[in-house]
Each structure stands twice: as structure tokens, then as C-alpha cells.
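Coordinates in review
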Amino acid sequence: MAEKIIIDEFYKKLDSLFAQHDMKAVEQYLTESLAQAKADEDVPAITAVSNELAGFYRAAGKVDEAITLSRDVLQKLKDLGQETTENFAVALQNGANIMMVSGDLDTAEQMYKTAESILTYRGFEKDYRMAALCNNMSALYRQMEKFNESEEAAVKSIDIITEMPECQIELATSLVNLGEVRSRLGKYDVAERNLKVALNIFEKESDGKDPHYSAAFAALGALYYYKGDFEESIANYKKALELIERDFGRTPFYELTERNLKKVEEEMKK
């Protein structure tokens, strides 16, 4: 029988597989780890592994698989009496992320709010988990075109995570989200600063190998498009495409970014 999962070692191995850009090996490792965590009824491991696997499925465009996984994990945690715990809140957040990608924004918002209530009840208002939740809610509100609410949630996320110097990559991810919504609000100068700080963090902390690095370039591509700087927009979208393909292949995010690039190129010809 396999030994019980040690969370720190799980993340170290997962990071090494991502660094090799071997997505088949990543998926196999995650699915095997989740099966072991469930067999052990190891709640922290179930939560951690399912979070990573759901994120992998989302990035790979496997939305149906991600939805099935989310429902299965939530039910497993209910069966283990975890409905009011931070583990259940994290699983709800993961499920909401998937529903947002699937286009079911109302369900996503309801799941996020339930997760927020649980974390608040458990005293995690200033915890990394709340910061991550606020960042995701910001992305949802941006998709719903509730831009002021989106900016407010992103700022709250950054206020929390700035107090955690060990979470620099997470800070960069939140800054990308804030830059995106500020671009939509027409706050171009501050949005550009947010995004460039995020790029610097990704380059310093992961040598540009973090899978979220591409999102910063895609966000800059959109920002420069809104500003009318088509040359910079095209350059950043092309860099984003290169990184997305490197990390995940030609996923739905790749296709969206490619459509945005073509739109800019067509406008530049006019």
C-alpha cells in the first residue's frame, strides 16, 4: 500500500513535473494522488490534490471532467462531515472556478459566497484562502461586467496577501487580475504598473516558468489594445500564445488569445 501523502512533498513533485512541461505525467500523478487521498480519507490531501487537478483540467479545457471532479470531491467531503470546514470552503471555491469557466456565472457566485461565509465563520478573514477567494470573485465580477465590484475584490485580495512575503507568485497572480479590471475601467496607467510588477515577480520568483506568467502578457495585450497601441498589443499577445502553448498546449485560453491577436491585427490594417 502506498504511503500517506505528505502535502509539501506532493507540491514539490508536482512543481517538478510542471517544470518539465510533461502534461500527461502531471495528469497521471494528480489522478493517482487523488485516488490515494480518497482511499486514506485524508481530508487535507483530498482538498489539495483536487484543487490542483481541477485547475489542471480547467487550463486544459477539460471542463466536463473538472465539473465531475468538483461534484465528487464536494460529496466526499460531505460524507466525511466537512461541510462547515475550511476544506469544504476551498472545495467550493474550486467548484465555483469551474462553473465560471463553464459559463454558469450565477452558480459560481453562489458557491463563492457560501465559501466566503464559511471562511469568515472560521476566522480566516486575513488568511491566504480568503485572498485567493477574493481574487477569484474579482475574476467572476469582471466576467459579469461588474467592474467596480471586481476592482474592490482584487484590492482586498492584494491587501491580504501583501502581508505574506512567502506568497509572491500568488501576489503576482492577483496583480494580473487587478490590472485586467483596471484596464476595463480605463485606468490604463495604474493597470500597466500592476501588470509590469506582476511580470517582474514571475521572472524573479520562477524565472518565467510559472504557468500564470502567460496571463500577464495576455492582460498587457488587452491593455495596449484599449490604449490604441496596436504594436505593443500584438507583441504581448504573441508572447502570451508562446507561453500558453509551452505550458498547456492549444487550449481554449490559447484559442481566445489567438482570436484577440487576430482582432488587433485586423484593426491595425484599417
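That block above? That's the structure.
The following refers to the structure shown. Keep in mind it's a predicted model, so treat the numbers as computed, not measured. (Residues numbered from 1 in each chain as written. Predicted model: local features only at pLDDT ≥ 70, side-chain atom pairs only at ≥ 80, totals over all residues. Heavy atoms only, no water.)

1. Quick notes on the overall build of the protein
For the protein, the helix and strand inventory stands at 13 helices and zero strands. Along the protein, helices (α) and strands (β) appear in the sequence α-α-α-α-α-α-α-α-α-α-α-α-α when read from the amino end. Computed over the C-alpha atoms, the radius of gyration of the protein is 19 Å, within 12% of the 18 Å expected from 2.2 N^0.38 for a compact globule of 270 residues. With respect to the three principal axes, the spread of C-alpha positions in the protein is 60 × 40 × 35 Å. Every one of the 270 residues in the protein was classed for burial, and the buried ones make up 50%. For the protein, the share of sequence-separated contacts (at least 6 apart) that also reach a separation of at least 24 residues comes to 59%. Accessible surface, the protein as shown: approximately 13,500 Å² in total, 47% of it carbon and sulfur. In the protein, 34 positive and 49 negative side-chain charges are present, and the distance between their average locations comes to 3 Å. (Helix = DSSP H or I, 4+ residues; strand = E, 2+ residues; numbered from the N terminus. Rg over C-alpha atoms; globule rule 2.2 N^0.38 Å. Buried < 20%, exposed > 50% of the residue type's maximum accessible area, 1.4 Å probe, protein only. Contact = heavy atoms within 4.5 Å. Areas by Shrake-Rupley, 256 points an atom, 1.4 Å probe, with all protein chains shown as cover. Lys, Arg positive; Asp, Glu negative; His and termini not counted. Charge placed at Lys NZ, Arg CZ, Asp CG, Glu CD.)

2. Brief notes about the pattern of salt bridges
Counting across every chain of the model gives 14 salt bridges. For K156, the salt bridge identified is with E116, shortest N-O distance 4.0 Å. Of this pair, K156 sits in helix 8 (residues 147-161) while E116 sits in helix 6 (residues 105-121), and the two are 40 residues apart along the sequence. By relative accessible area, E116 is classed as partly exposed at 24%. Residue E192 is joined to K196 by a salt bridge in which the shortest nitrogen-to-oxygen separation is 3.2 Å. (Salt bridge = Lys/Arg side-chain N within 4 Å of Asp/Glu carboxyl O.)

3. Points about the packing of helix 3 (residues 43-59) against helix 5 (residues 86-102)
To describe two helices that pack against each other, one gives the angle between their axes and the distance between the axes. For the pair helix 3 and helix 5, interaxial distance at closest approach is 10 Å and the crossing angle is 10°. It follows that helix 3 is roughly parallel to helix 5 by the angle criterion. Of helix 5, the residues touching helix 3 (which contributes V43, P44, T47, N51, A54 and R58) are N87, V90, N94, N97, I98 and V101. Among the residues forming the contact of helix 3 with helix 5, the class breakdown is six nonpolar, five polar and one charged. (Axes fitted to C-alpha atoms, helices over the stretch in contact; angles between N-to-C directions. Parallel < 35°, antiparallel > 145°, perpendicular 65-115°, else oblique. Nonpolar A, V, L, I, M, F, W, Y, C, P; charged D, E, K, R; others polar.)

4. Notes on the packing of aromatic side chains
For the structure on display, the rule yields seven aromatic pairs. Here F10 and Y29 contribute two aromatic rings whose centre-to-centre distance is 5.6 Å and whose plane-to-plane angle is 25°, an arrangement assigned as stacked. Taken together, the positions of F10 in helix 1 (residues 7-19) and Y29 in helix 2 (residues 23-40) put the pair 19 residues apart, joining distant regions of the chain. For F10, a relative accessible area of 2% corresponds to the buried category. You can call Y29 buried: its relative accessible area is 14%. Through a chain of ring-to-ring contacts, the aromatic side chains of F10, Y11 and Y29 assemble into a single cluster. (Phe/Tyr/Trp six-rings, centres within 6.5 Å; stacked < 30°, edge-to-face > 60°.)

5. Some words on the packing of helix 3 against helix 4 (residues 63-79)
Contact geometry for helix 3 and helix 4: axes closest at 9 Å, N-to-C directions at 165°. Here helix 4 runs roughly antiparallel to helix 3, going by the angle between their axes. Crossing angle aside, the handedness with which helix 3 passes helix 4 is left-handed. From helix 3, V43, I46, T47, S50, L53, A54 and Y57 reach across to helix 4, where they touch V63, E65, A66, L69, V73, K76 and L77. (Left-handed = near helix turned anticlockwise from the far one by under 90°.)

6. Considering the environment of T257
One can find T257 in helix 13 (residues 252-269). Separated by 135 residues in the primary sequence, T257 and R122 have C-alpha atoms spaced 39 Å apart. Setting aside residues up to four positions removed in sequence, T257 forms contacts with Y237, A240, L241 and I244. In this structure the side chain of T257 is engaged in a polar contact, spanning 2.8 Å, whose partner is the backbone oxygen of F253. (Polar contact = N/O pair within 3.5 Å; in protein donor to acceptor, adjacent residues only side chain to side chain.)

7. Comments concerning the nonpolar core
By size, the foremost hydrophobic cluster in this structure holds 81 residues, and its most contacted members are V26, L30, F56 and Y112. Beyond its immediate sequence surroundings of up to four residues, V26 is in contact with L14, L17, F18 and F56. If you look at the next biggest cluster of nonpolar residues, it comprises ten residues, including Y225, F230, L241 and V264. (Core = buried A, V, L, I, M, F, W, Y, C linked by side-chain atoms within 4.5 Å.)

8. Points about the side chain of N177
Within the secondary structure, N177 is located in helix 9 (residues 168-184). In terms of polar contacts, N177 uses its side chain to reach the side chain of R142, at 2.4 Å. Sequence-distant contacts of N177, defined by excluding residues within four places in its chain, comprise N135, S138, A139, R142 and A154.

9. Remarks on the state of the cysteines
One way to say it: the disulfide is the covalent bond shared by the sulfur atoms of two cysteines. Going through the model one piece at a time under the given rule, you end up with zero disulfides. Cysteine C134 is unpaired, with the sulfur of C167 as its nearest cysteine sulfur at 14 Å. Accessibility expressed as a relative area gives 10% for C167, which makes it buried. (Disulfide = S-S within 2.5 Å.)

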